[in-house]
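In case you want the letters, here they are:
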Amino acid sequence: MNLIQLFDVSLRLRASQPALDWKGDTYTFGDLDARSNRLAQALAARGVRQGDRVAVYLANRIEFIDLYLAVLKLGAIFVPVNILYRERELAHILTDAEPKALIAAGDVPAAFPVWPIDTLMAEAAGMPDQRPVAAVDGDDAASLIYTSGTTGVSKGAILTHNNFAANTANILTAWQITSADRLLLGLPLFHVHGLGNGLHAWLASGLRLRLLERFEAGRIGAELLEFQPTLFFGVPTMYVRLMELEPETARQIGRTARLFVCGSAPLPAQLMQEFGERFGSVILERYGMTETLMNISNPYAGERRPGSVGLPLPGISVKILDAAGQPVAVGETGELFVKGPNVCSGYWRREEASQAAFSDGWFRTGDLGMKTADGYYTLQGRRSDLIISGGFNIYPREIEEFLLEQPEVAEAAVVGVPDRARGELPYAYLVAREGASIDPAQMEARCRAALASFKLPRAFVTVPALPRNALGKVQKHLLPR
Ligand code: MLC
Ligand code: AMP
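All chains use their own residue numbering, which begins from 1 and follows the written sequence. By the order in which they are written, chains take letters starting at A while ligands take numbers starting at 1. Under the rules for a predicted model, residues below a pLDDT of 70 receive no local features and side-chain atom pairs below 80 are neither given nor counted, while totals for whole chains, interfaces and linings still include all residues. Excluding hydrogens and water, the side-chain values take into account all heavy atoms of the structure.

1. Quick notes on empty space enclosed by the protein
The method works on a 1 Å grid over the protein atoms by themselves. A cavity is a set of points holding a 1.4 Å probe that cannot get out, a pocket is an open set with protein on both sides within 12 Å along at least five of seven lines, and residues with an atom within 4 Å of a point line them. Grid points are joined across faces, edges and corners, and a volume is the space filled by probe spheres set on the points. Here the structure, examined in full by the defined rule, presents one cavity of 30 Å³ or more. There is about 40 Å³ of room inside the largest cavity. Looking at side-chain class alone, the lining of the largest cavity contains seven nonpolar, two polar and no charged residues. Each residue is assigned to one class: nonpolar for Ala, Val, Leu, Ile, Met, Phe, Trp, Tyr, Cys and Pro, charged for Asp, Glu, Lys and Arg, and polar for all the others, Gly among them.

In structure tokens:
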């Protein structure tokens, strides 16, 4: 299915109804349809054709939505880029995806021609409100979303129209989302949590959305009280921040909210319990990935079990295998494999990595977990040393490689240190080259200039040597955390 057909239940059938609150203005679904038709015409006039990649480097704003719809209407492929990425991160994606255009709001930290969003919007204003028709198949790519998978190199997961459609149908039914809902969305739209769940649930159900430029702890209470959402999607760090609200504010928010969904990183059981007491609402935790969208979710109607991610969503099969590829018994730990219409077809132009990601048609998640006798799944860690901070993924190897480029550094290891609010924070352990000394402030400045802010190590600790095993492999678990 073409996603635009799925969205037409809102774009066309609810054309006159309020759809989006953005910066104090309200837009109807009809407004959004017309805006994206004009923008699609403007993109087409600049040569964007079906199958072209269009990279978008923008924070949350209405034009992000216009662009998503316009790109889909043209049958082109949407490539959202994390706005926190710096030069090397952005340059990698641009080289890999070879987009027809990079659309941004201001200066971009990469040597690549930019189409300024304001210029495009001005061009769009002069275009006819006529929707372009693209003969898109459900198996065609709708978006490439960059992720590091189980290895350190960032790769574009190819998410098809059908992948998103399956995920959308699942979350609408599983979480009982309807046009009567109101969603407050502060998640970034460049990741699948905000894009695949937030935007798609909105456009396919016809609910009313208030989009925030970003989640800000100091403002979120006022936004919740004013908009009175029935629905909220967040990462655990956001729920930690919500616990800072006054108990009376929390009660008031909880009275109008129907459902709080949490995912992208582990939700501590204690936080879930405290939130339930303060807001009068039991958080529903679910588990997903960029490559698969949503896999497993606690039930809407049944027990939402603390510490567990719940039961497989409709149409999704899950199995747990040991290191030898054999199924493990109930209660035993192994690696989760998933199969279903939600799973991406592979990585953009990376045949080898795509093959390695699947085994007999099952996608290997890299997540370790177990199943209880009543079918609930619990995640217990990762096969790789991935760090998740505030819901953003950090691959230690990427930071280590950058640190090793610094002339004073002989060896580097980056590990995740537990943090109450962000889940984990990266720490760097460094060995200096002979005769050199490492200045932590200087290291920090260089990392800040080169890497996305959430990847910045919070400490640079110089050690005489890294702990290694007999094979010379760094034993990260022996580093202090
Ligand atoms: C964070 N920062 C942002 C930002 N989010 N900057 C711009 N836009 C955003 N959306 C930067 C800040 O500028 C700051 O940088 C630093 O990050 C910390 O911000 P903060 O506001 O002080 O932090 P905090 O209150 O802790 O909140 C952070 C957060 C953020 C929770 C709002 O981490 C966040 O938006 N996380 C969501 C990540 C996400 O969507 N993951 C889904 C991946 S998909 P500085 O330089 O001042 O330190 C996936 C699959 C699945 O995993 O299952 O969903
Ligand atoms: P990403 O590559 O950014 O899509 O991140 C996907 C990873 O986030 C998964 O492989 C998990 O490790 C992690 N994740 C997502 N949801 C949860 C959850 N509810 N609990 C624990 N980890 C999660």
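Text resumes after the structure shown.
2. With respect to the domain arrangement of the chain
As assigned here, the chain comprises domain 1 (3-198) and domain 2 (386-478). The start and end points of each domain follow an automatic or database-based domain assignment. A straight line from the C-alpha centre of domain 1 to that of domain 2 covers 34 Å. Taken together, the contacts link 14 residues of domain 1 with 14 residues of domain 2. Summed over both partners, buried area is the accessible surface (1.4 Å probe) that two parts give up on being assembled. Between domain 1 and domain 2, the buried area comes to about 1,100 Å², and carbon and sulfur atoms account for 53% of it. Considering only the surface of domain 1 that becomes buried against domain 2, Leu 84, Arg 88 and Glu 89 emerge as the three largest contributors, covering 47% of it. Any carboxyl oxygen of Asp or Glu within 4 Å of a side-chain nitrogen of Lys or Arg constitutes a salt bridge here. Counting across the domain 1 and domain 2 interface gives two salt bridges. Its salt-bridge partner being Glu 405, residue Arg 88 comes within 3.2 Å of it at the nearest N-O pair. Any pair of N or O atoms that falls within 3.5 Å is considered a polar contact. Within protein, one atom must be able to donate a hydrogen and the other to accept it, and sequence-neighbouring residues count only if both atoms are side-chain atoms. Remark: the boundary between domain 1 and domain 2 carries three residue pairs in polar contact (both at pLDDT 80 or more). Taken together, the residues of the side of domain 1 that touches domain 2 break down into five nonpolar, six polar and three charged. Only heavy atoms enter the contact rule, under which two residues are in contact if any of them lie within 4.5 Å.

3. Topic: the site of ligand 2
Of all residues adjacent to ligand 2, which total 16 residues, the nearest are Glu 285, Arg 286, Thr 290, Asp 367 and Arg 382. The separation between an oxygen atom of ligand 2 and a polar side-chain atom of Thr 147 is 3.2 Å. In isolation ligand 2 offers 490 Å² of accessible surface; the protein chains occlude 90% of this area. Put simply, the parts of the chain that give the shell around ligand 2 at least two residues each are strand S13 (284-289) and strand S20 (377-382). Each residue is tested against the molecule or strand, and it is near if at least one of its non-hydrogen atoms lies within 4 Å. Each accessible area is a Shrake-Rupley result for a 1.4 Å probe, and residues are judged covered by the shown protein chains and nothing else. A run of H or I in DSSP counts as a helix once it spans at least four residues, and a run of E counts as a strand once it spans at least two, with each numbered from the N terminus.

4. Here we look at the pattern of salt bridges
Pairing between side chains of opposite charge can happen when the charged atoms of each approach one another. Under the definition given, this model contains 33 salt bridges. The salt bridge involving Glu 303 is made with Arg 305; its shortest N-O contact spans 2.9 Å. The shortest N-O distance in the salt bridge between Arg 383 and Glu 335 comes to 2.9 Å. Taken together, the residues span a long stretch of sequence, with Arg 383 in the loop between S20 and strand S21 (387-389) and Glu 335 in strand S17 (residues 334-339) at a distance of 48 residues.

5. Things to note about the packing of aromatic side chains
Put simply, two rings from Phe, Tyr or Trp (the six-membered ring, in Trp's case) pair if the centres are within 6.5 Å, and we call them stacked under 30 degrees between planes, edge-to-face over 60, tilted for the rest. For the structure on display, the rule yields 14 aromatic pairs. Taking 5.5 Å as the distance between ring centres and 75 degrees as the angle between the ring planes, the aromatic pair formed by Phe 64 and Phe 78 counts as edge-to-face. Of this pair, Phe 64 sits in helix H3 (residues 62-73) while Phe 78 sits in strand S4 (residues 77-80), and the two are 14 residues apart along the sequence. Relative to Phe 260, the ring of Phe 232 lies with its centre 6.2 Å away and its plane at 55 degrees, an arrangement referred to as tilted. Of the two residues, Phe 232 is situated in strand S11 (residues 231-234) and Phe 260 in strand S12 (residues 259-262); the sequence distance between them amounts to 28 residues. Think of it in three bands: with a 1.4 Å probe and only protein chains considered, a residue is buried below 20% of the maximum accessible area for its type, exposed above 50%, and partly exposed in between. Taking relative accessible area as the criterion, Phe 232 reaches 2% and is therefore assigned buried. Residue class for Phe 260 comes out buried when judged on its relative accessible area of 1%. Among the aromatic residues, ring-to-ring pairing joins Phe 232, Tyr 239, Phe 260, Phe 275 and Phe 279 into one connected group. The positively charged end of Arg 182 is found above the aromatic ring belonging to Phe 227, 4.2 Å away from the centroid. Both a distance and an angle decide whether a charge sits over a ring: NZ of Lys or CZ of Arg must be within 6 Å of the ring centre and within 35 degrees of the ring normal.

6. Section: the sheet that holds strand S10 (residues 208-211)
Whether two strands pair comes down to DSSP finding at least two bridges between them. Reading across from one edge, S2-S1-S10-S9-S11-S12-S13-S14-S15 is the order of the nine strands in this open sheet, with mixed pairing throughout. This sheet does not close on itself; its edge strands, each paired only once, are strand S2 (25-28) and strand S15 (311-312). The pairing of strand S9 (residues 182-185) with S10 spans four bridges and is parallel. Its bridge partner lying in S10, Leu 184 is registered against Arg 210. Note on geometry: axes are C-alpha line fits, over the in-contact stretch for helices, and angles between N-to-C directions span 0 to 180 degrees. Against the sheet, helix H8 (residues 217-227) contacts strand S1 (18-22), S9, S10 and S11, and its axis sits at roughly 165 degrees relative to S9.

7. Examining the pairing of strand S14 (residues 293-297)
Every regular strand shows the same layout, with side chains that alternate between the two sheet faces. The element S14 is extensively covered by neighbouring structure, given that five of its five residues are classed as buried. As consecutive antiparallel partners, S13 and S14 are separated by three residues.

8. Here we look at the nonpolar core
Nonpolar cores are built from buried Ala, Val, Leu, Ile, Met, Phe, Trp, Tyr and Cys residues. Side-chain atoms within 4.5 Å join them into one set. By size, the foremost hydrophobic cluster in this structure holds 111 residues, and its most contacted members are Phe 7, Leu 20, Leu 43, Trp 202 and Phe 232. No other element matches the nine residues that H3 contributes to this core. Setting aside residues up to four positions removed in sequence, Phe 232 forms contacts with Leu 183, Leu 184, Phe 215, Ile 220, Leu 224, Met 238, Tyr 239, Leu 242, Leu 259, Phe 260 and Val 261. Of all hydrophobic cores here, the second largest spans 40 residues; its members include Val 81, Ala 110, Trp 348 and Cys 447.

9. What to know about the site of ligand 1
Surveying the vicinity of ligand 1 reveals 22 residues, the closest of which are Arg 241, Ser 264, Arg 286, Gly 390 and Arg 422. In this structure, Arg 286 approaches ligand 1 through a side-chain N or O atom, which is 2.7 Å from an oxygen atom. Gly 288 is positioned with one of its backbone polar atoms (N or O) 3.1 Å from an oxygen atom of ligand 1. For ligand 1, whose free accessible area comes to 1,000 Å², the fraction covered by protein is 80%.

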